[in-house]
Every structure is written in structure tokens, then in C-alpha cells.
Amino acid sequence: MSSFHDSADAQASPEEVWKLLYDPARFPDWWAGVGTVEVGAEDGAYTMYPDGYPEFPMAQLLDTVGDQQRMTVSCLVSDLRFEWGLEALDGGERTRITVDVEIPQAEAERLDSQREVIRASLSSLAQLAAEDHQDDV
Amino acid sequence: MVVECDGIQMPSPKARRAWSLLANLALASGPQARGELAARFWPDVLDSSARASLRSAIWSLRQALGPAESYLIVDRDHVGLAVGPEVWVDAIAFESLVQSGSEQEAVALCRGELLEGFEEEWALSARDAHRERLLDVLERLAAGCAAAGERNGAIEWTRRQVAVDPLGEESHRRLIGRLAASGNRATALVVYRTFAERLRRELAVAPSPPTRELAESLRKEPEEHPAGGATAPEDADDVGLLDRARPVGVARSFTAMFTNALPLVGRSPELDRLVKIWGSVASGHGGVVTLSGEAGIGKTRLASELLARAAGEGALTASCAALDLGGAAPFGLWAELIRGLLETVPHPPADVAWPDDLARLAPEIQARFQRVVSERPFVSPDLERARLLEAAVALIEWAARDRPLALLIEDTHIADASSLELTGYVARRIATLPVLFILTRRQLPRRPEADQLEHALRLRGLLRVELTLDPLELASAAELARSAAALTEQDVAQVVKLAEGNALLTVETARAISRGEREPSAGIRGAVRGAFASLTAAGQSFVELTAVAARELEHSEVTALPIERPTDAAVQALDSGLLVTRERRIGFRHALLRDAVYANLPEPRRAELHERWARTLLACEQAGAVRRSAEVARHLRFAGLDREAVRQLSLAAADARAVGALAEAAGYLREALSMAADRADLLLELAEIEAWRTRRTAAEDAFAAARALLDGAPPLQLARAWLRSARAYHGPICVPLLVNQSCRKALELLDEAHVEALWERREALASLAWTEAIAGSVEEAEKLLEQVHDLAAGAQADDLSIYHVGHARALTMMRREDFVASYAPAIAAGEAITRAGRPDLAYGCWANAAGAAAAAGDHQRALQFLDRGVAALRGKGLVSLEIQLLAMRSFVLLRIGEPAQARAAADAESALADRLGDPGLLAMAAHDRGLVALAEEDFELACTLLEQALVEGAPISRPLTRLSWAEALARAGRPQEAEAELRATVLEPVRSSDFPAALVPRLARVQASIAAAAGDRALAVQRLREAAEGWRRQVSTLTRGESMAVVLADLGRPVVGLVEPERELERVLGELQTIQATTGGASAHVVVS
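Residues numbered from 1 in each chain as written. Chains lettered and ligands numbered in written order. Predicted model: local features only at pLDDT ≥ 70, side-chain atom pairs only at ≥ 80, totals over all residues. Heavy atoms only, no water.

Focus on the overall build of chain B
- Counting secondary structure elements, chain B contains 52 helices and 12 strands.
- Here chain B, with 1089 residues, has 56% of them falling under the buried criterion.
- Nonlocal contacts in chain B, meaning residues at least 24 apart in sequence, comprise 67% of its contacts between residues at least 6 apart.
- Approximately 44,300 Å² of chain B is accessible, and the part contributed by carbon and sulfur atoms is 52%. (Helix = DSSP H or I, 4+ residues; strand = E, 2+ residues; numbered from the N terminus. Buried < 20%, exposed > 50% of the residue type's maximum accessible area, 1.4 Å probe, protein only. Contact = heavy atoms within 4.5 Å. Areas by Shrake-Rupley, 256 points an atom, 1.4 Å probe, with all protein chains shown as cover.)

As C-alpha cells, this is what we get:
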């Protein structure tokens, strides 16, 4: 099992980041490589379609980790697992977004590309949340 | 099975099959063909594989036998044990002795069941055959005695039959008949009643018509005595004990118990307070008092004084004390208390159900109230427990209806947890009744459950006084010493110095000095030695056995003690001052005296006494007394008889389960398994109980371990084990995935073995259909239901099957959003399962039907279904489920804009939760009342209630509730606090059943409320547009059927309700329109298209 950790600070409140993180319909707005999302209702399941591959559905599961304030997204097709966490900074003026990614050994060659994808996604998420936040001010 | 070589017991090999093979060879008495053995032990594999497995087992057996392997005769075609005097097998010897006419010696060889713990088909057959043979021999012996006019002998041999075959009708009829013929009609009827209760509890059936007719004929017969007009010996002893005891100062009743007791010294202030409280209680203001202090300080004496006064004023009194042995049966204290009350409580009306419910705990109740033995089937442990709790309340209400009641519960620091729970449950209902509970406890050891009970009573204002008894003052101690014995003032001073204010020690030391012990030791042990030494051997045995019993002895137990003339021995023991009688029971005057006698016993003597007492209890049970398996098991273990203890622990677990005491049941089973780890049946039972306790991991582990042990068992047996796990995961804990896997595995096994097993197949298919309907493929569910239909063609479906099918069909239809069509199967399922006596399952049917009607927008129909659910539950003691239905009622009424009615439902929910005293349910009621308050725009009240719900840990959707609270705060004009709550919301764990995506627009809407409260209307408009956008995205994706499935899978809790994006969107747009109208269409930052 390969894994890595990344984080970014957003100039936005945790609420703004949270709304983006918990709404799969908005994943295409910030998650690099996600083209479209079909949201189901049952048990947090939804389907992502990668950019450029509209016929290639990737079933996903959105869940939380125990009593921690962390949200996980597990890919039901490829066993990739993303665990997202939020931490309020400066009394909620800013938010630290963390992500831990686990990649099964069989897909270890995707480690580097996923690093890039997640770095870009974190950056987009932080920026989008900051824009929403700016709109509020 | 025990194997010995030259008198040394051999350890069993790790390979279980090898031991089983040895057992089989031992019974066969001669060589057996390899092919037959292989087929018998490995029937499901190829012949070549079976023979290879046999070779492996023989090898393991050789290793295990060590030097004794020479007795194992193995050649190319046969395997067997050597035949001859050097190999002795008890089962073979039994048969030889029977053949030679030495039947009594043959019977003496039989200790327990043949091959206990071996569950293969051949072992089961051999066990059955041996049991039948033994019964036949016992009956021959009994008949021989009867023919010779030896009535007692005939009864004894018949009792052995009943012990061998506790569910056998014929042996019980014989015992009843022989007892009646000997003049013991009452005992005969007790045997009948116990037998009927056992059948009901273990098989859920009634005795057959011939047995019932026999009992009926005995009831109608006029009282007759056997020839000579003498009362039966047991009866004579019964009368004699008390009559002989009385002249030496021992009283018959509790009230008179302290006639000769020492005066109460040094406790006047405490007694005055208690008497004052009693006066208030007797006038209808019930409550609880606690007395605490070190052992021997005088708690019991003070409490007894109060009870004696209460009884003198005409009150009913009863008392009970915890078993000082560890591992007491659940509700043991209350069983004793109920028995005490039965002596004086008048017969209740015939149409009330509570005596039948209490009979699970105290079977005597049915005979006492002359009720027909009920044949109510055992249902779920939760239901049984709920009924029992309510029945106890009903008994107390009935007993206190025309006179006050004073109840003493002693030693709560060592009481079983279930008894403490029941005490709290009943105490919560006595505020307006003339009922006083007196609880005594030592301060050490700490007992969290007792602390919690007192805390809960204190919070409710029911704890009228908490008295802690300090050591007696010097003058009082001296006065007590003088009253206890004729002493010089010098002696008195010595007693006071040694006893240090401990009342019990004062009395015992004073008596020791008066007996001539010039230098008494400073402890109770020394004082007790003197009193004990003055007894005859029989008196000492009586005292020792009472110490080992660790509780007061029932009257019937005294006469059954294995000592010469037990009644005379009892009188001696009473004379010594060590023992007293109380409510027709005999026990130590104080627990410390018991502890001292016990501590003086050398270890081997203790073990012997524990075994004798265990056998006495078993003999009493066979004679019709209450089964005390937990207690018997404890004594057998103290006696080192672990193997026998396993069976008793298994029975104790069944008894505990029957009264819903699941933690205790699991404890007994785990203890049994620690001594018999290879018992798959015990593991399966444990797994079910852990499931009822909602301990999923523990249940899964136990199921897996059981299946591993059953590896190689016949496919039907294994399939049934899988079905048991399916049942466990579809009820106590709801895990559709595991039900699905279990049912598929069961079906696979049946298919592979080509076993027809219609009943099992039907259950597996119907349960499978349910799993697919609730959390899988609707199409698959429909296919499975068709298969069930085909399988059932032509057969009369039972109510359970109708329920399974109807329930699954209704869910399938709901998933297809065919809500109205789902009513009919839901109704059929609800009615069928109500007929089957399972209101707990009926609840789910009516709740689901109500959910479907709500989803169809037919809210009046939803309310009707909820009413039917309440009707199914009414009077069944399932208060927690009634609360859930009221919560749903409140939810539906709120949804249709009837806040006043919704408030009434939520208030009723709160009142019931208060009755149960369950903090979680109280918090849930607070949540529902909070939502009503929010709808009624009583924002401050909403804030208070929703905060309470969150703080107290209600089973609700926490993030959703936080949002509601934040909304209430914002609308109450507290935007900063609302913002803080919003922050807490996003840091709150979110589960999939919270519908996270639906929380996002809800959060935006609350942000709008906060912005509006802060006067930022532009931001409010922007937030509302954001919320509208969120809901609009969901309108196209969220289907009602899927949403229903998630809610139903959680049986409606946490109440997220149906997610209705259209309605939410409409509401947000309405609010947007309102705010824009008031702001004149102020500019917005986000454009909603």
C-alpha cells in the first residue's frame, strides 16, 4: 500500500470549504480530472466520470471516519481512498485542508500522477472556497 | 468423554475428530470397516478423501494415546479397540450389568449424558438410544419398588427418570402419579407446574392432553392421605421445622422475628427520621431511603425495626438480600422479593396479564394465584424484559392499592445489575403510591450501578433520605453489650474497646465472654468459633451448608439437606444465635457471621460442601422447586466440577435470556465456553445473544467460531447455523449485507447436498428477498419472492412466513415508489406478525407503512398506520417502541402544518420517556419538542430543547439538529451564537444516513437566516440563492424510493425524515421572494438561473 499526505490553507472559513467538500455535484469544479458526477442517495454513493472519459463510470463512496471530523472518498472501482480533513485557523478566518491518499500496491505506478492530481485539486478547492468567501464579505 | 490409562486421565488431542473416532470405536466394541468409518465421519467428500482423512485421524489418535496406542487395533481394512478385560468402557459395562440383572449397579455408572459435547449424527443417535435404555432400566427399578410397596423408592427412581429426561411426558406422568399415590398431591401438582413451565420455556408448547388431564384430576380430587392417615414425610418435616423452632424463641413471621431481638440501641435519631418519612409514604407519597455503612454497623437492624413498625400499622412488608457468592441469577433479588409478597398479596383479577409475565421470574406465582399455566411463546429478549419490568410495576401497584408497602432490598453493593435496574424502574413509578423502598449497602466495594441508581433517584426527588450509620458511641455500645449478655462492668469495657463501635462485633464479643472465653479475639471469626464449637455434628453441618449456600435457605431446601434430621439440626443452629428465621427462611443473623464461618472452613471441606449443596439444589428442582441453574453452576465450580457446571451455565443462560438479561446470559455462556471451547451449540447461542446486545463484532466472532467447529457437520446442520446468523442480523442488529451472505451460504449448502429442507429454504429465500428489497436490487428481490411463492405452493403459510414475504414485498414496492400498493403487503405482514405474538416486529411493519404513506403524500393514512402500530404495542410493555411511533406522529403532524397536535404527540413521547427514565429517549423527545417549538416560532424554547437533545446524546441526526439549533438561535436574534453553532456543525461527524449532500443547501439556508439576523440582507439573498441552487441540483437526482430505503434501513432513526428537494426548494424560493420584496430586490452576488 502506497500513501501520501498533502495539505493547503484556504483563505476561507471551514463552512465554505465544507460545502464544496460534501457536495459531490461540485467535485467537477475543483477535483482535477473529474468531468461529471451523478449523485445517488443511498449510503453516500455516487458516480464520477473522468475528464474525457464520459463512458467510464467510477463508482465512489462518501463517508466519514468514526468520530473524527474527516470525510473519506473511496473509489469502488480502483480501491483508491482519499481522506479529507478540515481545521479552522485564525478563529475560522482561514482553513487548513488536509488529505491522505492510499493507493493499493497493484496501482502503485499511479502514485506520482495522483500526487499531482491532488496537489492541483487542493489548490483549486482552496481557491474556490476563497472566492466564495470573498463573495460573502 | 474421559479416557484413562492406568488410572491417569489422558488429555484430549487437538484434533477433535480423532477423539470422536475413539468414542465411536469404544461404543462399537469390535473392529469396524475402514470404508464405513470414513463414510460415517466424512460423508460429504469423495471416498478417497474420506479414507485419507481417516488415516490422518488414526495417526492423531495414536499420538494422543501414547503408550495406550497398543489397544488401538488397526489393519488394512479395519479399525477398532482391543476387546478384553484390559479395555473398560462404561457404556458397554452398563449394558452388561443390565443384562446380568445388576440394574442398580448399571445405573450407578451413568453420570451425565452419553458423549456430551459430541454433536455428530452417530453420537446423537447413540445418546438417544442410551437415554431410552436408561429410562427403561429406571422404570423397571421404580416398578419393582412400587410392586414391593416401597413408595419412596419408587418415587426416587422415577425422579431419576425425570432428571434424565427433563422434557419427557411419560416420566413426568409417572412421577406425578406416584407422588399422588403416596399422598403428596401438592408436590405432584408442583411437579406438573414446573414441567409445564419448562416445556413452555424451552419448547414453547403445553403438556399433552393426557398429562393435563392427570393434573386436572388431581386438582379435583378431595384431599386424601395415604393409609394410616399420616401426612407425607416431607409435609411432616415442613410443619415440624417451625413448630419445633418456635419454643426456642424463633418466630414464624418477619413481623415477629425480632420479638426476642436485642433492643435497638444508639439509633434513635435515625429511626425518628425514618418513621417520619414512613408517615409521609403511608399517606401516598412514595419514595426511597438508603442506609449505608460498614458491615455490622447496624443497617439491617435499623431497617428491620422500621419494617416491623410498618407491619404493626398494617403495611405489607417484604425483603430480599443479594446472594453473596458472585454470579447471581439476574433479577435474583426481585425473585425473592416477589416470593415474599406472594405470601400476602390478594389474588388479582383473572384477566390481568402481569402474573403470567412475572412467572418467568417466580413460577410459583401461577399456583399461588390459581392461574392456568399460560402457554405464551417466548419472543424476543427485549420484549420479555420490557414485559417483566412492567409486570413488576403492576404487582407493586396491586399490592399497594389498599394498604402501604415497605420493601427492604439489602446489600445493593453486591446486587445483580438487573435487579438494580428493576428497582430503579419500579421506584420511578411510586411517587404517588404508598410504597417505601429501603436500600442498604456497604460503602465498599464501590458499585457503579448502585451509585447510578441512587443518582437517578436523587435527581427525581425520590430519594427521601440518605443515612450513613457511624460507629456507636461508647455509651451506646456499652448498653448494647449489657443487653447481649450478663457481663461485669470490666467485661463491658473490654467489649467496647474490642468492638470499636461495631454493633455486630459488640454483641458477638459480649456473647463470647459470657460463654467463658476470657480472651476473645478482636474479630468475628474468633467469636463465631466458640458458638460453632457448641453445636453437634449435625448442627455444625447445617451451619456449614448454610454458609456455603451464601443465602437464606428456603423451607423446602432445609428439609432436603443431606444431613441426619435436618430439622433438629436447624433448631440447634438457631439456638446458637448464629442463624435466625425470617419469612419462612433460615439464614445467618448477619452476613459477617456467614463470612466468618466460611473463612474457617478448610479448602477441601469447602469443595465437598459446595458439591453437596449443589446436589441439594438439583434435588429440590426435581421435586418441583424453582430452577436455580446459575447458583448450582457456581457451587459446582467451587467444588471443582467444571464439566457438570457447563450444563448448568447453559441452562442459566437460557433462563437469563428468557427474562431479557442478555449481559448475564452472555457471561454464563462465556464461562461455559471457557471450559468447553468445542461446543458449537453454546457458541451459536452466544452469538445470538451478542446480536441482541447489538454487539456486532462479538456476534460475528462467535458465529464464525461456531461454524469453524461445525466444519464437516451435515450440511443441514451447517445451513441452520447460517440461518441463525441471518436471523440475528435481521432483528436485533440490522445488517442486510450479512443477512444476504448468510442466506446465500445456507441455500448453497442445501443445494450442494440436495437437501430438500423446505422450511429452511423458504426462510432463507424470504430473508434474502428482504435484504435485496432494503439494500440491493429490487429486481432480484422480486425474483426471490417469486421463488418463495413457488416453494410455498399448496402449503399453508404460517404467520412468520406471511410476515417475511409481506415485509419484503412492501419494501420492494416502496423502492419502486409504488407507495400506495405497498400498503396491502405491509398490512398483511403487520397483522400476521401480531398474530404470531411479536409486537416488536409488528412495529416495524406499521412504521414502514406510515413512512410509505407519508412519502405518497397521504399523511392522514400515515397517521392511521401509526395508530395501528400503537394499538399493536399497547399493554405489551414496549414503551420504547411506543415512543418511536409518537415521534413519527409528531413528525408527520408537523409536516402537515399541525404544530399543536405535533406538540401533544411530542409531549406524550416525553412523558413516556420520563417513565422509562432513559436519558437517550428523553433527549430524543426534547429534539422532537424542539422542532415543534421551531415551527411554532417559539425560538428560545427551541434553542433550549435542541441544545438539550444534543448535549444528552439523543439518537438523532446530529448535524441536522445543529443546523436547526443554529436556525433557532439566528431567528431568536442571536446571530453570533448561531454562527458558532454553524461552525460546530461543519466539525460534526457526518454519516451517510445524514444525507450529507442535502446538508449543504440546508447549511446555506441557515447562513441566510444568520445574515438576515445580522442585518445583511444582501448576503441573506445570496445564501438563499445558493441554497436554492443546491436543492435544484438534487431535484433531478434524488429519488423518493431510495431516500425511503435509507430511512427504513435505520427504522426511522435518526429521524432525518424524507428528503424532499422540491418542497425544500419551494420553501427557499418563498423565503427569497419575501426577503427580496422587503429589500426591493437588492443586488445579489450570485445569479441563480
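Picking up after the structure, the text goes on.
Focus on the packing of helix 45 (residues 919-935) of chain B against helix 46 (residues 939-951) of chain B
Residues and elements named next belong to chain B.
- Running from N to C, helix 45 and helix 46 point in directions that differ by 155°, and their axes come no closer than 8 Å. The angle between the axes of helix 45 and helix 46 places the two elements in the roughly antiparallel class. Viewed along their axes, helix 45 and helix 46 form a crossing whose handedness is left-handed. Between helix 45 and helix 46, the contacting residues are Ala923, Ala926, His927, Arg929, Gly930, Leu931, Ala933 and Leu934 on the first element and Phe939, Leu941, Ala942, Leu945, Leu946, Gln948 and Ala949 on the second.
- Taken together, the residues of the contact of helix 45 with helix 46 sort by class into 11 nonpolar, three polar and one charged. (Axes fitted to C-alpha atoms, helices over the stretch in contact; angles between N-to-C directions. Parallel < 35°, antiparallel > 145°, perpendicular 65-115°, else oblique. Left-handed = near helix turned anticlockwise from the far one by under 90°. Nonpolar A, V, L, I, M, F, W, Y, C, P; charged D, E, K, R; others polar.)

Considering helix 30 (residues 629-638) of chain B
Residue and element names in this part refer to chain B.
- Extensive coverage of helix 30 is indicated by the burial of eight of its 10 residues.
- Turning to helix 30, its buried residues are Ser629, Ala630, Glu631, Val632, Ala633, Arg634, His635 and Leu636.
- Along its buried surface, helix 30 packs onto helix 25 (537-549), helix 29 (603-622), helix 31 (642-658) and helix 32 (662-675).
- In the stretch just after helix 30, Gly640 is the one whose phi turns positive, near 80°.

What to know about the sheet that holds strand 10 (residues 463-468) of chain B
Residue and element names in this part refer to chain B.
- Pairing within the open sheet is parallel, and its five strands lie in the order 7-8-9-6-10. Across the chains shown, the open sheet's two edge strands, defined by having one partner strand only, are strand 7 (316-321) and strand 10. For this sheet the average axis-to-axis angle between neighbouring strands, irrespective of direction, equals 15°.
- The sheet contact formed by strand 8 (residues 405-410) and strand 9 (residues 435-441) spans five bridges and is parallel. Counterpart to Ala406 in the pairing with strand 9 is Leu436.
- Helix-sheet contacts for helix 14 (residues 299-312) involve strand 6 (287-292), strand 7, strand 8 and strand 9, and the interaxial angle to strand 9 is about 165°. (Pairing = 2+ DSSP bridges.)

Describing the pairing of strand 5 (residues 78-81) of chain B
Residue and element names in this part refer to chain B.
- Two elements, strand 3 (residues 32-33) and strand 5, share two bridges in a ladder whose sense is antiparallel. Paired with Ala33 across the strands is His78, a residue of strand 5.
- When strand 4 (residues 72-74) meets strand 5, the two strands line up antiparallel, connected through three bridges. From the neighbouring strand, Ile73 faces strand 5, where its bridge partner is Gly80.
- Hairpin connection between strand 4 and strand 5: a loop of three residues separates the two successive antiparallel strands.

Remarks on the packing of aromatic side chains
- Within the structure shown, the criterion is met by 13 aromatic pairs over all chains.
- Aromatic pair Phe27 of chain A and Trp31 of chain A: ring centres 5.4 Å apart, planes at 55°, arrangement tilted. This pair shows no difference in class: Phe27 of chain A is buried, exactly as Trp31 of chain A is.
- For the ring pair Trp354 of chain B and Phe369 of chain B, a centre distance of 6.2 Å and an interplane angle of 85° mean the geometry is edge-to-face. (Phe/Tyr/Trp six-rings, centres within 6.5 Å; stacked < 30°, edge-to-face > 60°.)

A short note on the side chain of Arg442 of chain B
Residues and elements named next belong to chain B.
- Positionally, Arg442 belongs in the loop between strand 9 and helix 20 (448-459).
- Buried charge without a partner: Arg442 forms no salt bridge, and the closest opposite charge is Asp595, 4.5 Å away.
- Those residues in contact with Arg442, other than ones at most four positions away along the chain, are Gly293, Ala295, Lys299, His413, Ala591, Leu592 and Asp595. (Lys, Arg positive; Asp, Glu negative; His and termini not counted. Salt bridge = Lys/Arg side-chain N within 4 Å of Asp/Glu carboxyl O.)

Topic: helix 7 (residues 151-164) of chain B
- Between its terminal C-alpha atoms helix 7 of chain B stretches 20 Å, which fits the 20 Å expected from 14 residues at 1.5 Å a residue.
- Of the residues making up helix 7 of chain B, those classed as buried are Ala154, Ile155, Trp157, Thr158, Arg159, Gln161 and Val162 of chain B. (Expected span 1.5 Å × (residues − 1).)

So, the nonpolar core
- Trp334 and Phe437 of chain B are the most contacted members of the largest nonpolar core, which totals 169 residues.
- Not counting chain neighbours up to four residues away, the residues in contact with Phe437 of chain B comprise Gly287, Val288, Val289, Trp334, Leu407, Ile409, Val426, Ala427 and Ile430 of chain B. (Core = buried A, V, L, I, M, F, W, Y, C linked by side-chain atoms within 4.5 Å.)

A closer look at the environment of Gly953 of chain B
- You can see Gly953 of chain B is positioned in the loop between helix 46 and helix 47 (958-971).
- Each C-alpha atom of the pair Gly953 of chain B and Leu921 of chain B lies 9.3 Å from the other, and the pair is 32 residues apart in sequence.

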